[in-house]
Amino acid sequence: MGTTQTIHTIGVIGAGQMGGGIAQVAAVHGFKTLVCDASSAALGRCRDGHTKRLAREVEKGRMKDTDVQAAVGRLHYVESLEMLKGADIVIEAIVEDAKTKRELFAKLATMFPTQILASNTSSISITEIAASVGPQGHPERVVGMHFFNPVPVMKLVEVIRGLQTSADTVTRVTNLAASLGKTPIPANDRAGFVSNRVLMPMINEAFFAWMEGVAEPQHIDEIMKLGCNFPMGPLRLADFIGLDTCVHIMNVLADGLGSDRYRPCPLLKQLVAAGRLGDKTQRGVYDYAPSAPSMTASSTGHKSAAGV
Ligand code: CAA
Ligand code: NAD
């Protein structure tokens, strides 16, 4: 099957931090953009985020007001998959859960019979997601298009080719990433690809270091910032990514690579169980509530040698 139509309209499913960022970048680069979420509250937050961030682009002199208005005019927020009709490519950015993604792709296969179906998954096998469209659903058009957070700032798109992904699909999403101002780099379809195979075990290890009382969270972060030149320490970055997403990724690594060394740190899992997901719930490793003193590690009740 040839998915040869020119891309004018991009459908994004999931209006969270990643879907919202992808939609913003797509609209700014001239694409009509339809963004869909199962939650109307998430769509509202996404729209508010676009308004705020695009206004900031004008304030900072990075965009002209007329260009921002044009981008806003290209953004459409929709509450059902049916309303994505007309999209030339669909980019999925929903929760990092294999079963939920497979169910969605099975639906997309019939709703979008010829379009490219891309997943922004951080770690889940593209081959496995592609299998859910079935042999008649053209798995060769399913591909990984892995953007980085925050999408408007980060340059990379990791392009993942599943076992059945066609060379034509890879070429088309590579070209699309470039036309969004990103640098596409290919990676093979192994759990976590390159980025999260390397990054996430480091983040997980920082939680073990905290749990074992090697240092307090602020000190772990400062050591890695000042000693390794990271823009954010690993625990701060975990809050930024979402602790739930970190646990999902570690579970995929543990299953996919078959080694106990990828097991998610119990303290990380405990924070997620307590609903402390990081920035998105205003509390994770750190407390981001407006009343909280800046960058205080939030209490875990966990007794470590450092008394955290
Ligand atoms: N959305 C959009 N733009 C944002 C943003 C957001 N959430 N947060 C920050 N920015 C932009 C702003 O435009 C800001 O510039 P202005 O103030 O001029 O508008 C610029 O970033 C710098 O922001 P700040 O001055 O507030 O803070 P900073 O200098 O610390 O930069 C940062 C913020 C860019 C996020 C930086 O700390 C950073 O690069 N952190 C590391 C990010 C990272 O590692 N991302 C990858 C995560 S892993 C991943 O994405 C893959 C996965 O599958 C989990
Ligand atoms: P998020 O929690 O901020 O947003 C997910 C959104 O998906 C929510 O608004 C939710 O309502 C919506 N959603 C969930 N199930 C849905 C469904 N069946 N149909 C429609 N909408 C649905 O998550 P996020 O951080 O934006 O992550 C999204 C995806 O991007 C995940 O696969 C994640 O691994 C990946 N990713 C995340 C980061 C990161 O730093 N957070 C970076 C790169 C990739």
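Nothing here was measured: the structure is a model prediction, and the numbers come from that model. (Residues numbered from 1 in each chain as written. Chains lettered and ligands numbered in written order. Predicted model: local features only at pLDDT ≥ 70, side-chain atom pairs only at ≥ 80, totals over all residues. Heavy atoms only, no water.)

> Go over the pairing of strand β4 (residues 89-92), please, and point to the residues and values.
Covered by surrounding structure in β4 are I89 and I91 together with V90 and E92, the residues of both alternating faces. With 4 bridges connecting them, β4 and strand β5 (residues 116-119) associate as parallel partners. Following the sheet pairing, V90 is matched in β5 by L117. Regarding topology, helix α4 (residues 98-111) serves as the crossover connection from β4 to the parallel β5, and that connection is right-handed. (Buried < 20%, exposed > 50% of the residue type's maximum accessible area, 1.4 Å probe, protein only. Helix = DSSP H or I, 4+ residues; strand = E, 2+ residues; numbered from the N terminus. Pairing = 2+ DSSP bridges. Right-handed = clockwise from strand over helix to strand, strands pointing away.)

> Got a sec to walk through the site of ligand 1? Specific residues and values, please.
Among the 18 residues in the neighbourhood of ligand 1, the closest are listed as R56, S122, H146, N149 and N196. The separation between a nitrogen atom of ligand 1 and a polar main-chain atom of N149 is 2.7 Å. Here an oxygen atom of ligand 1 and a side-chain polar atom of N196 are 2.8 Å apart. Expressed as a share of its isolated accessible area of 1000 Å², the protein-covered part of ligand 1 is 66%. When contributions to the shell around ligand 1 are tallied by element, the ones reaching two or more residues are α2 (40-59), α7 (195-211) and α9 (234-241). Among the residues forming the shell around ligand 1, the class breakdown is 10 nonpolar, 4 polar and 4 charged. Each of two domains, domain 1 (9-188) and domain 2 (196-297), supplies a minimum of three residues to the shell around ligand 1. (Near = heavy atom within 4 Å. Polar contact = N/O pair within 3.5 Å; in protein donor to acceptor, adjacent residues only side chain to side chain. Areas by Shrake-Rupley, 256 points an atom, 1.4 Å probe, with all protein chains shown as cover. Nonpolar A, V, L, I, M, F, W, Y, C, P; charged D, E, K, R; others polar. Domains from an automatic or database assignment.)

> Before we move on, could you go through the site of ligand 2 and cite the residues and values that matter?
Surveying the vicinity of ligand 2 reveals 23 residues, the closest of which are D37, E96, K101, S122 and I241. N149 places a side-chain nitrogen or oxygen 3.1 Å from an oxygen atom of ligand 2. Out of a free accessible area of 840 Å², ligand 2 has 82% covered by protein chains. Where the shell around ligand 2 is concerned, the elements lending two or more residues are α1 (17-28) and β6 (142-147). Residue composition of the shell around ligand 2, grouped by class: 9 nonpolar, 10 polar and 4 charged. Looking at which domains feed residues into the shell around ligand 2, each of domain 1 (9-188) and domain 2 (196-297) gives three or more.

> Outline the pattern of salt bridges, listing residues and values.
According to the stated counting rule, one finds 9 salt bridges in the structure shown. When the shortest N-O distance is used, the salt bridge between E96 and K101 registers 3.7 Å. Of the charged contacts, one joins K99 and E103 as a salt bridge, the two residues approaching to 3.1 Å between their closest N and O atoms. Of the two residues, K99 and E103 are both situated in helix α4; the distance of 4 residues between them amounts to about one turn of the helix. (Salt bridge = Lys/Arg side-chain N within 4 Å of Asp/Glu carboxyl O.)

> Residues and numbers for the sheet that holds β5, please.
The strand order across the open sheet built from 8 strands is β3-β2-β1-β4-β5-β6-β7-β8, with neighbouring strands paired in mixed fashion. Each of the sheet's edge strands pairs with one partner strand only, and the pair in question is β3 (75-78) and β8 (183-188). Strand-to-strand twist in this sheet, taken as the mean axis angle between neighbours without regard to direction, amounts to 25°. Together, β1 (9-13), β4, β5, β6, β7 (156-161) and β8 form the strand contacts of helix α6 (residues 167-179), whose direction differs from that of β7 by roughly 175°. (Axes fitted to C-alpha atoms, helices over the stretch in contact; angles between N-to-C directions. Contact = heavy atoms within 4.5 Å.)

> Any chance you could break down helix α11 (residues 266-273) for me, citing the residues and the numbers?
Listed as buried for α11 are L267, L268 and L271. Each buried residue of α11 sits inside an arc of 105° when the element is viewed along its axis, so together they form one side. Considering only its buried residues, α11 is in contact with α7 and α10 (243-257). Positive backbone phi, approximately 80°, marks G275, located one or two places after α11. (Arc of directions from axis to C-beta.)

> Any chance you could break down the domain arrangement of the chain for me, citing the residues and the numbers?
Under the domain assignment, the chain is made up of domain 1 (9-188) and domain 2 (196-297). The centre of domain 1, based on its C-alpha atoms, is set 26 Å off from the matching centre of domain 2. Facing the 9 residues of domain 1 at the interface are 8 residues of domain 2. Interface area for domain 1 against domain 2, summed over the two sides, is near 730 Å², with a carbon-plus-sulfur share of 57%. In terms of surface lost to domain 2, no three residues of domain 1 exceed Q17, E96 and S123, which account for 49% of the buried area on that side. Summed over the shared surface of domain 1 and domain 2, the result is 4 residue pairs in polar contact (both at pLDDT 80 or more). Among the residues making up the side of domain 1 that touches domain 2, the classes are represented as 3 nonpolar, 5 polar and 1 charged. (Buried area = accessible area lost by both parts, 1.4 Å probe.)

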